[in-house]
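Residue strings, one per chain:
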Amino acid sequence: MLGGAVLGGFELCRAVRFDAFRDSLNGVFYPALVEPTGHDGILQQSLLSATSLTHLTLGFVRFGTETRLDPGALGAYHVNVALSGSVESHCGQQHVIARPGMAAVFTPQEHTFLARWGADAGQLCIKINRRSLESELETMIGRPISSWVRFALGFDLTAPAGRSWLSLVRLLLSELDSEDSLVRSSAVHREQLERLVISSLLRAQPNDFFEALHEEAPPARSRTVKRVVDAIDAAPEQPWALAAMADVAGVGGRRLQQGFREQMGMSPLAYLRTVRLERVHRDLVAGAGSVTDIAMRWGFTHLSRFADAYRERFGQAPSETLRGNRG
């Protein structure tokens, strides 16, 4: 295992009052209800170290007093690797005791609750940008996905796949601790290692796409499905209906839907919506107009439904994407 505290060169606070520690922690990760169930004065054993990279935020967290945390739905993927002690961890209907050898993997849209973080528990906390993980998954399986990914909560780090993933995390931490490392001197190298940590998590830990990820090769797209995919990719703003897509494919609507489900994992109209959302996201990031103008440009006419679909895919409102990139 990793052993002891990590990220020693990125210390933010230690041995401070509980409220100061809580505020620092929430500033790094998520706004959460954090309550001491032990003493809440000066926490002599508390330690928080953290750094934000391109796709990951890494932090070592030890409260030094028994604590309860309720961040709700995180909006990001997250892994807690216990280095000492134990943490009672819940995500949706799943429950696990995180301890050395057993990590916890949290999904974005399900309620996360840490009912008991032990006084002696220290965890490596890894926040994974939601879009980074989903984009990596799409590259790996060769098709877009239409929603977030649900992981199994308990992650056995003593099994071969878990040990392999942990070795990559250990390498990243080692590189971050060395001022002369490639990770510290090359953003490109660091990002490649971050993406490797993400892709290895997808392959190592059971999730909604586990079978697709372990197929020897993704199924080839039939000529009929490829025609429609190419037509949508070329002009997603057009008022596509299923009948028009079937005409492009040269088959009936029912057969086209069956082909899409088998080869793309979604219906033709779901694929259209996914492509449109990606184009909207690209233009919002570029600041290429108002939210309404951009949504209408790419074929969304019902703005409240558009906003719901955008939030579901990207984990934030379209206005937040626009504001964030303008800022």
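Structure first, text after, so check above.
In this text the structure is predicted, and so the values were computed from the model without any measurement.

Details of the sheet that holds strand E12 (residues 154–156)
Thought 1: Taken in spatial order, the 7 strands make up an open sheet running E1-E3-E4-E11-E6-E9-E12, and their pairing is antiparallel. A strand with exactly one partner marks an edge of an open sheet, and here the two such strands are strand E1 (11–14) and E12. For this sheet the average axis-to-axis angle between neighbouring strands, irrespective of direction, equals 20°.
Thought 2: Relative to strand E11 (residues 122–128), strand E6 (residues 77–84) runs antiparallel, the two sharing 7 bridges. If you follow Val81 over to E11, its bridge partner there is Leu124.

Observations concerning the sheet that holds strand E2 (residues 33–36)
In any sheet, the strands associate via hydrogen bonds between backbone groups, in a parallel or an antiparallel arrangement.
Thought 1: The 5 strands are arranged E2-E5-E10-E7-E8 in an open sheet whose pairing can be described as antiparallel. The sheet terminates laterally at E2 and strand E8 (94–98), the two strands that pair on one side only. For this sheet the average axis-to-axis angle between neighbouring strands, irrespective of direction, equals 10°.
Thought 2: Sheet analysis places strand E5 (residues 67–73) next to strand E10 (residues 111–117), joined by 4 bridges and oriented antiparallel. The residue of E10 that forms the bridge with Leu69 is Leu114.
Thought 3: Sheet strands in contact with helix H1 (residues 18–28) are E2 and E5, and its direction is about 155° off that of E2.

What counts and how
Residues numbered from 1 in each chain as written. Predicted model: local features only at pLDDT ≥ 70, side-chain atom pairs only at ≥ 80, totals over all residues. Heavy atoms only, no water. Pairing = 2+ DSSP bridges. Helix = DSSP H or I, 4+ residues; strand = E, 2+ residues; numbered from the N terminus. Axes fitted to C-alpha atoms, helices over the stretch in contact; angles between N-to-C directions. Contact = heavy atoms within 4.5 Å.

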